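Here is how the chains run, residue by residue.
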Amino acid sequence: MSPKKPFFWVLVAVIAVFLVPVLTNNVSLRESLLLAAIYIILTSNLNLMIGFTGYVNFGNIVFFGLGGYIGLYLVTAGGLPLVAAAALAGAAVGAIALVLGLGILRLRGAYFALATIGIVEAIQAFVANFEPWGGATGLYLSFQAYQALGGPREALWTVYLLLVAVMGLSLFLCYAVKNSRFGLALFAIREDEDTAAVLGVRTPLYKATAYSLSGILPAMAGALFFFKQGVIQPEQAFDLTLSTEAIVMLMLGGQGTVTGAALGAFLYEQFRGILLTSTVFSSFQLVIAGALLLVTVLFMPGGLMGWLHRRWPRLRKVLE
Amino acid sequence: MSALLEVTGLCKHFGGLRAVDEVSFTVEEGEILGLIGPNGAGKSTLFNLITGVMPPSGGRVRLAGTDITGWPPYRVVRSGLARTHQIVRPLNDMTVLDNCTVGACFGSETLGLSQARRVAGEILELVALADCRHRLASSLTIAGKKRLEVARALCARPKLLLLDEVLAGLNPTEVGRMIQVFRALRKGGIAIVMIEHLMQAVMNLSDRVVVLNFGRKIAEGRPHEVATDAGVVEAYLGDPHIAARLTGPVSDGATP
Ligand SMILES: Nc1ncnc2c1ncn2[C@@H]1O[C@H](COP(=O)(O)OP(=O)(O)OP(=O)(O)O)[C@@H](O)[C@H]1O
Ligand SMILES: [Mg+2]
């Protein structure tokens, strides 16, 4: 990617925004943007499946949770440095997803969507009974783990910067796939899978590759996030609510577009922040998310970015 | 030297229905073979079996000597056999150019994106769709979508092209233009099997004609032989006098 492409500058601008808390040493802003970064990572990678390939993955959170477990296990039991543990977690989850994808992607439409929910339940049940990972009580990080990064305070900043990097990679991945031969094949599958095969696209492999690819960066994000938390437990790691919220964010921002996915995630995080501080709405977060999804799908099927693109067609080239 | 396509004893049963029943035929290099028969005769099903869209109940398909029976569609097209669909299947939310680029990327040669775009552009010129290249495929007229089917298949740079009723629903001018495309393809050495109800076009373009009825092959031969065959006239053509008119000389773009 060269500075001549508008997307390069979009990416630079997004990362610049996320560096503001570092420059101003603002911890509460950092916490808010950390969550936004995670949402953007989840949503962008989910976009590879829903927006590009046309397969609704309700279980996208599995990648995040598994990555968290593998990462924390490698740090606690293996004594690996955080970055190595996160990278290995990404690779491991990508490999698992490839094998899993070759199997479950034989299913289509609603059957696939149901299977992905089943996977969340199955893996959560497995992990809750898996002793090396602490079973239902989970894995805890010892205080010493933070010393390697120069103490807890510094560790939080390091984790934040690493998450921003993973977010940048997620956006770049979406962009690169969208403008590649591989991405063209995924779009063909989204439009009509049987026709894609007749045109020469090796559909089973391409779908599984997309599924696998969509798992790597969320897994790394999971490893980083749960390292920051210092603890990982089955219910938090495999939270179907967050999985569903990622779908809401994607639809809101505009599935199939790189910047739309990020915009939806960012706005949702801001919006959620407002709701959580309001006493009236804090317990209705999911109800509101559901209503938001309904309104988007009914009145703005292309999401915010789709609407912007239709309003100003020239924007298509700038905000891909 | 074996034939380009060799179909032997191909069968497809849907429950009790024998949609394709022990059909055998060959296609030679650079030849145009017409495939005709009444509605429901099993012509489209035969294409589906040859291209791997559905597995046959029995029989074999050989392409240039290689047994391709039961291969998945993406492997078949890579080995040089492309097809169109009777009911058009554009990739709706993609541009006309992208539709064709998919065909070019994953065809008989594996091409990179920019090279595939160039091939797709050339083929769109050939079928006179170049002006629509940046439009969404869903916005084309039915005639445009038929041409897109042909263009997309051609982008795979096949040795053999299976055309399923690409002339149906086109007006005489469009039929004429499409026939010219087919003639150009034949000159370029591409063999064609065409399913067509437009008798005059089939009879004039084809080197040989195969007739199906209730899944069985009931006749095969040169166009005028088939058109005068008593069995074919009874099963399909209806009026014996029609034969003389069908095989007479026509101009491109003649109405049936
Ligand atoms: N997937 C299927 N399942 C069950 N029956 C089928 C299937 N596909 C085709 N058939 C049946 O097989 C027979 C042959 O159908 P086919 O579409 O091959 O005919 P055709 O010769 O192409 O007819 P047309 O000229 O109308 O296109 C028909 O009776 C049809 O109903
Ligand atoms: Mg048919």
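For clarity, every value in this text was computed on a predicted model and none was experimentally measured. (Residues numbered from 1 in each chain as written. Chains lettered and ligands numbered in written order. Predicted model: local features only at pLDDT ≥ 70, side-chain atom pairs only at ≥ 80, totals over all residues. Heavy atoms only, no water.)

*Asks:* What is the right way to look at the overall build of chain B in this model?
*Replies:* What chain B contains, in helices and strands, is 10 helices and 10 strands. With respect to the principal axes defined by its C-alpha atoms, chain B has extents near 55 × 40 × 35 Å. By element, 51% of the accessible surface of chain B is carried by carbon and sulfur atoms, the whole surface being about 10,500 Å². Considering chain B, the positive charge centre built from 28 side chains and the negative charge centre built from 25 side chains are found 5 Å apart. (Helix = DSSP H or I, 4+ residues; strand = E, 2+ residues; numbered from the N terminus. Areas by Shrake-Rupley, 256 points an atom, 1.4 Å probe, with all protein chains shown as cover. Lys, Arg positive; Asp, Glu negative; His and termini not counted. Charge placed at Lys NZ, Arg CZ, Asp CG, Glu CD.)

*Asks:* So what exactly am I meant to see when it comes to the overall build of chain A here?
*Replies:* Scanning chain A from N- to C-terminus turns up 16 helices and two strands. When the backbone C-alpha atoms are referred to their principal axes, chain A occupies close to 55 × 45 × 45 Å. Here chain A, with 320 residues, has 52% of them falling under the buried criterion. Here the contacts in chain A between residues at least 6 apart in sequence split such that 78% fall between residues at least 24 apart. Here chain A displays about 13,600 Å² of accessible surface, and carbon together with sulfur accounts for 70% of that area. In chain A, which carries 18 positive and 13 negative side-chain charges, the distance between the mean positions of the two groups comes to 14 Å. (Buried < 20%, exposed > 50% of the residue type's maximum accessible area, 1.4 Å probe, protein only. Contact = heavy atoms within 4.5 Å.)

*Asks:* Help me out: how do you make sense of the coordination of the magnesium ion (ligand 2) in this one?
*Replies:* Tetrahedral coordination by four donors sets the ideal angle at the metal to 109.5 degrees; octahedral coordination by six donors sets it to 90 or 180 degrees. Residue and element names in this part refer to chain B. At this site the magnesium ion (ligand 2) is bound by Ser44 (OG) and Gln86 (OE1), with donor distances of 2.0 Å. In this pair, Ser44 is assigned in helix H1 (residues 43-50) and Gln86 in the loop between strand S6 (81-83) and helix H3 (96-105), connecting sequence segments 42 residues apart. Residue Ser44 is classed as partly exposed on the basis of its relative accessible area, which comes to 21%. Using a relative accessible area of 33% as the deciding quantity, one classes Gln86 as partly exposed. (Donors = N, O, S within 2.8 Å, 3.2 Å for Na, K, Ca; no water.)

*Asks:* Could you clarify how one ought to interpret the nonpolar core in this entry?
*Replies:* In globular proteins that are soluble, nonpolar side chains generally tend to be buried together. Formed by 146 residues in total, the largest nonpolar core has its most connected members in Leu167(B) and Phe182(B). Among the elements that make up this core, the one with the highest residue count is helix H2 (residues 27-53) of chain A (14 residues). Ignoring any residue separated from it by four or fewer positions in sequence, one finds Leu167(B) in contact with Val175(B), Met178(B), Ile179(B), Phe182(B), Met194(B), Glu196(B), Leu198(B) and Ala201(B). Residues Leu10(B), Val61(B), Leu63(B) and Trp71(B) belong to the second largest nonpolar core, which totals 28 residues. (Core = buried A, V, L, I, M, F, W, Y, C linked by side-chain atoms within 4.5 Å.)

*Asks:* Could you clarify how one ought to interpret the packing of aromatic side chains in this entry?
*Replies:* Both the distance between ring centres and the angle between the ring planes are used here to describe each pair of aromatic rings. Residue and element names in this part refer to chain A. Summed over all chains, the structure comprises 21 aromatic pairs over all chains. Taking 5.2 Å as the distance between ring centres and 70° as the angle between the ring planes, the aromatic pair formed by Tyr146 and Phe227 counts as edge-to-face. With Tyr146 in helix H6 (residues 144-147) and Phe227 in helix H10 (residues 203-229), this pair connects stretches of sequence that are 81 residues apart. Assessed through its relative accessible area of 11%, Tyr146 is described here as buried. (Phe/Tyr/Trp six-rings, centres within 6.5 Å; stacked < 30°, edge-to-face > 60°.)

*Asks:* Explain H2(A) to me, please; I cannot follow it from the model alone.
*Replies:* Working note: α-helix, 3.6 residues per turn, so residues spaced by three or four point in the same direction. Residue and element names in this part refer to chain A. Across its 27 residues, H2 extends 38 Å between first and last C-alpha, which sits within 8% of the 39 Å expected from 1.5 Å per residue. Roughly 40° is the biggest bend found in H2, and it falls at Asn47. Of all 27 residues in H2, 21 are buried, a share of seventy percent or more. Looking one or two residues past H2, Gly54 carries a phi angle of roughly 80°, positive in sign. (Expected span 1.5 Å × (residues − 1). Bend = angle between axes of the 7 residues up to and from the residue.)

*Asks:* Explain the sheet that holds strand S1 (residues 5-14) of chain B to me, please; I cannot follow it from the model alone.
*Replies:* Think of a sheet as strands paired side by side through backbone hydrogen bonds, with each pair either parallel or antiparallel. Residue and element names in this part refer to chain B. Pairing within the open sheet is antiparallel, and its four strands lie in the order S2-S1-S4-S5. Across the chains shown, the open sheet's two edge strands, defined by having one partner strand only, are strand S2 (17-27) and strand S5 (66-67). Bridge analysis of S1 against S2 gives seven bridges, and the strand direction is antiparallel. What sits directly across from Val7, in S2, is Phe25. (Pairing = 2+ DSSP bridges.)

*Asks:* What should I look at first to understand the site of ligand 1 in this one?
*Replies:* All names here are of chain B. Ligand 1 sits among 14 residues. The nearest are Gly40, Lys43, Ser44, Thr45 and Gln86. Gly42 places a polar main-chain atom, nitrogen or oxygen, 3.0 Å from an oxygen atom of ligand 1. Ser44 is positioned such that a nitrogen or oxygen atom in its side chain is 2.8 Å from an oxygen atom of ligand 1. Look at ligand 1: alone it shows 640 Å² of surface, and the protein chains cover 63% of it. Among the secondary structure elements, those contributing two or more residues to the shell around ligand 1 are S2 and H1. Counting residues per element, the shell around ligand 1 draws most heavily on H1, which supplies three residues. (Near = heavy atom within 4 Å. Polar contact = N/O pair within 3.5 Å; in protein donor to acceptor, adjacent residues only side chain to side chain.)

*Asks:* For this particular structure, what's the right way to read the interface of chain B and chain A?
*Replies:* Often the size quoted for an interface is simply the accessible area lost on bringing the parts together. At the junction of the two partners, chain B supplies 24 residues and chain A supplies 21 residues. Summing both partners gives a buried area of about 1,900 Å² for chain B against chain A, and 69% of it is carried by carbon and sulfur. By the criterion of area lost to chain A, the three top residues of chain B are Tyr74(B), Arg89(B) and Phe106(B), representing 33% of everything that side buries. Viewed at the interface, chain A and chain B are joined by two salt bridges. As a salt-bridge pair, Arg89(B) and Asp194(A) come within 3.9 Å of each other at their nearest N and O atoms. Inspection of the chain B/chain A interface yields seven residue pairs in polar contact (both at pLDDT 80 or more). When contributions to the side of chain B that touches chain A are tallied by element, the ones reaching two or more residues are helix H2 (73-78) and H3 of chain B. (Buried area = accessible area lost by both parts, 1.4 Å probe. Salt bridge = Lys/Arg side-chain N within 4 Å of Asp/Glu carboxyl O.)

*Asks:* Can you walk me through the packing of helix H3 (residues 61-76) of chain A against helix H4 (residues 82-104) of chain A in this structure?
*Replies:* Helix packing geometry: the angle between the two helix axes and the distance between the axes. Residue and element names in this part refer to chain A. Their axes nearest at 8 Å, the elements H3 and H4 cross at an angle of 135°. If you check the angle between H3 and H4, you find them oblique. Crossing of H3 over H4 shows right-handed handedness. Two secondary-structure elements touch here, H3 through Phe63, Leu66, Gly67, Ile70, Gly71, Leu74 and Val75 and H4 through Leu82, Ala85, Leu88, Ala89, Ala92, Val93 and Ala97. Across the contact of H3 with H4, the residue classes break down as 12 nonpolar, two polar and no charged. (Axes fitted to C-alpha atoms, helices over the stretch in contact; angles between N-to-C directions. Parallel < 35°, antiparallel > 145°, perpendicular 65-115°, else oblique. Left-handed = near helix turned anticlockwise from the far one by under 90°. Nonpolar A, V, L, I, M, F, W, Y, C, P; charged D, E, K, R; others polar.)

*Asks:* Would you explain the layout of surface pockets in this entry?
*Replies:* By volume, the largest pocket is sized at about 1,400 Å³. Together, 30 residues line the largest pocket, and Lys178(A), Arg316(A), Asp93(B), Thr95(B) and Asp98(B) are the ones closest to its centre. Ranked by residue count, the leading element in the lining of the largest pocket is helix H8 (residues 181-191) of chain A, at four residues. Here the lining of the largest pocket is composed, by residue class, of nine nonpolar, 11 polar and 10 charged. Considered as a void within the structure, the second largest pocket measures approximately 580 Å³ in volume. Taken together, 29 residues line the second largest pocket, and the ones lying closest to its centre are Arg108(A), Asp194(A), Ala197(A), Val53(B) and Pro73(B). (1 Å grid on protein atoms, 1.4 Å probe; cavity = no way out; pocket = protein on both sides within 12 Å on 5 of 7 lines; lining within 4 Å. Points joined across faces, edges and corners; volume = space filled by probe spheres on them.)

*Asks:* Where do I start with the sheet that holds strand S3 (residues 32-36) of chain B in this structure?
*Replies:* Residue and element names in this part refer to chain B. Pairing in this open sheet of six strands is mixed, and the strands run S6-S7-S8-S3-S9-S10 from one edge to the other. Every other strand in the sheet has two partners, leaving S6 and strand S10 (216-221) as the edge strands with one partner each. Strand-to-strand twist in this sheet, taken as the mean axis angle between neighbours without regard to direction, amounts to 15°. Summarising the sheet, S3 and strand S8 (residues 191-195) pair through four bridges and their orientation is parallel.

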